[in-house]
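Spelled out, the chains give:
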Amino acid sequence: MGTQPQSPKHLEDWLRDAHAMEKQAEKMLESQASRLEHYPQLKARIEQHLIETRGQAEKIEQCLSLLGTDLSAVKDLGGKLAAFGQGMAGMMASDEVVKGSLASYAFEHFEIASYKALIQAAEKVGKPEIARICEAILKEEEAMAEWLSQHLDDTTRQFLERSEHDDLQAKT
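S.K.: I keep staring at the overall build of the protein and nothing clicks. Help me out?
M.R.: From N to C terminus, the protein includes six helices and zero strands. Of the regular secondary structure in the protein, the N- to C-terminal order runs α-α-α-α-α-α. Within the protein, contacts between residues separated by at least 24 positions form 79% of all contacts whose residues are at least 6 apart in sequence.

Okay, here's the thing in structure tokens:
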């Protein structure tokens with residue numbers, strides 16, 4: 001007597017949350033990239049991750065389709081993580097590039113935890129194709145978090161050096 005896969009309700013709910021999370025990440029990354037004039041390496045990596053993030057939202061839509069979810073309802077959920085994203089955006093100030101890096105690093109780890117939970121939920125209900133998609137997204141999120149971690153010291157030093165000179169704009 002084998003165990004039957006459980007209802008995918010949690011999986012579907014969490015995929016909806018992940019879709020909203022990726023849409024919020026897209027807005028945050030667009031905003032951040034548009035303001036980074038003096039940090040070309042950081043700007044390039046954020047723009048690369050923005051492309052990945054758009055693809056991740058599409059992959060989540062694919063996962064929801066695999067569950068038979070009506071995607072028109074999903075696209076209306078956009079504001080679910082708005083408060084979290086607004087809190088991150090509210091950190092932007094005169095030391096915007098440093099606080100933006102900190103916020104991005106924190107958000108990446110939030111995404112990493114979300115995808116780990118999604119993988120477990122997909123496996124629990126017998127949806128290995130959804131687990132595989134989430135594993136691929138997880139690798140991209142982990143790579144971005146690692147990149148941010150490796151470059152935070154340099155970004156901070158660069159900001160501090162620029163901020164010592166009144167004629168140089170340090171924050172962007």
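The structure having been displayed, the exposition proceeds.
S.K.: Just checking my understanding: could you explain the pattern of salt bridges for this structure?
M.R.: Oppositely charged side chains may form a pair once their charged atoms are brought near each other. One pass over the full model with this rule turns up nine salt bridges. We note a salt bridge from glutamate 12 to arginine 16, for which the minimum N-O separation is 3.1 Å. A residue pair is termed a helical-turn pair when its members lie 3 or 4 positions apart in one helix, as glutamate 12 and arginine 16 do in helix H1 (residues 9-35) at four residues. Here the residues in one salt-bridge network are Lys23, Glu26, Glu30 and Arg54, joined through shared partners.

S.K.: Quick question: what am I supposed to make of the environment of glutamate 108 here?
M.R.: Of note, glutamate 108 is situated in helix H5 (residues 96-124). A relative accessible area of 4% places glutamate 108 in the buried class. A C-alpha to C-alpha distance of 9.2 Å links glutamate 108 and leucine 148, two positions 40 residues apart in sequence. In contact with glutamate 108, other than residues within four places in its own chain, are His49, Glu141, Met144, Ala145 and Leu148. Only 3.0 Å separates the side chain of glutamate 108 from the side chain of histidine 49, close enough to count as a polar contact.

S.K.: I keep staring at the side chain of glutamate 52 and nothing clicks. Help me out?
M.R.: Within the element layout of this structure, glutamate 52 appears in helix H2 (residues 40-66). In this structure glutamate 52 comes out as buried when scored by relative accessible area, which is 18%. Look past the residues within four positions of glutamate 52 in its chain and what remains in contact with it is Arg45 and Glu140.

S.K.: Explain H5 here, please?
M.R.: One full turn of an α-helix is made of 3.6 residues, so residues set three or four places apart face in the same direction. Taking 1.5 Å per residue, 29 residues should reach 42 Å; H5 reaches 42 Å between its end C-alpha atoms and fits that length. Glycine 126 sits one or two residues past H5 and shows a positive phi near 70°.

S.K.: Looking at this model, I keep getting lost on the nonpolar core. Mind explaining?
M.R.: Considering soluble globular proteins, one finds that nonpolar side chains tend to be buried as a cluster. Counting residues in hydrophobic clusters, the biggest one holds 25 residues, and the most contacted among them are Leu11, Leu15, Ile60, Tyr115, Leu118, Ile130 and Cys134. Counting residues per element, the ones that place at least two in this core are H1, H2, H5 and helix H6 (128-163). For cysteine 134, the residues in contact, after removing those within four places along its chain, are Leu15, Tyr115, Leu118 and Ile119. If you look at the next biggest cluster of nonpolar residues, it comprises 13 residues, including Leu29, Val98, Leu148 and Phe159.

S.K.: Would you take a moment to explain H2 for this structure?
M.R.: Given a rise of 1.5 Å per residue, 27 residues ought to cover 39 Å, and the 39 Å separating the end C-alpha atoms of H2 matches this to within 8%. At the C-terminal side of H2, glycine 68 shows a positive phi close to 80°.

Rules behind the numbers
Residues numbered from 1 in each chain as written. Predicted model: local features only at pLDDT ≥ 70, side-chain atom pairs only at ≥ 80, totals over all residues. Heavy atoms only, no water. Helix = DSSP H or I, 4+ residues; strand = E, 2+ residues; numbered from the N terminus. Contact = heavy atoms within 4.5 Å. Salt bridge = Lys/Arg side-chain N within 4 Å of Asp/Glu carboxyl O. Buried < 20%, exposed > 50% of the residue type's maximum accessible area, 1.4 Å probe, protein only. Polar contact = N/O pair within 3.5 Å; in protein donor to acceptor, adjacent residues only side chain to side chain. Expected span 1.5 Å × (residues − 1). Core = buried A, V, L, I, M, F, W, Y, C linked by side-chain atoms within 4.5 Å.

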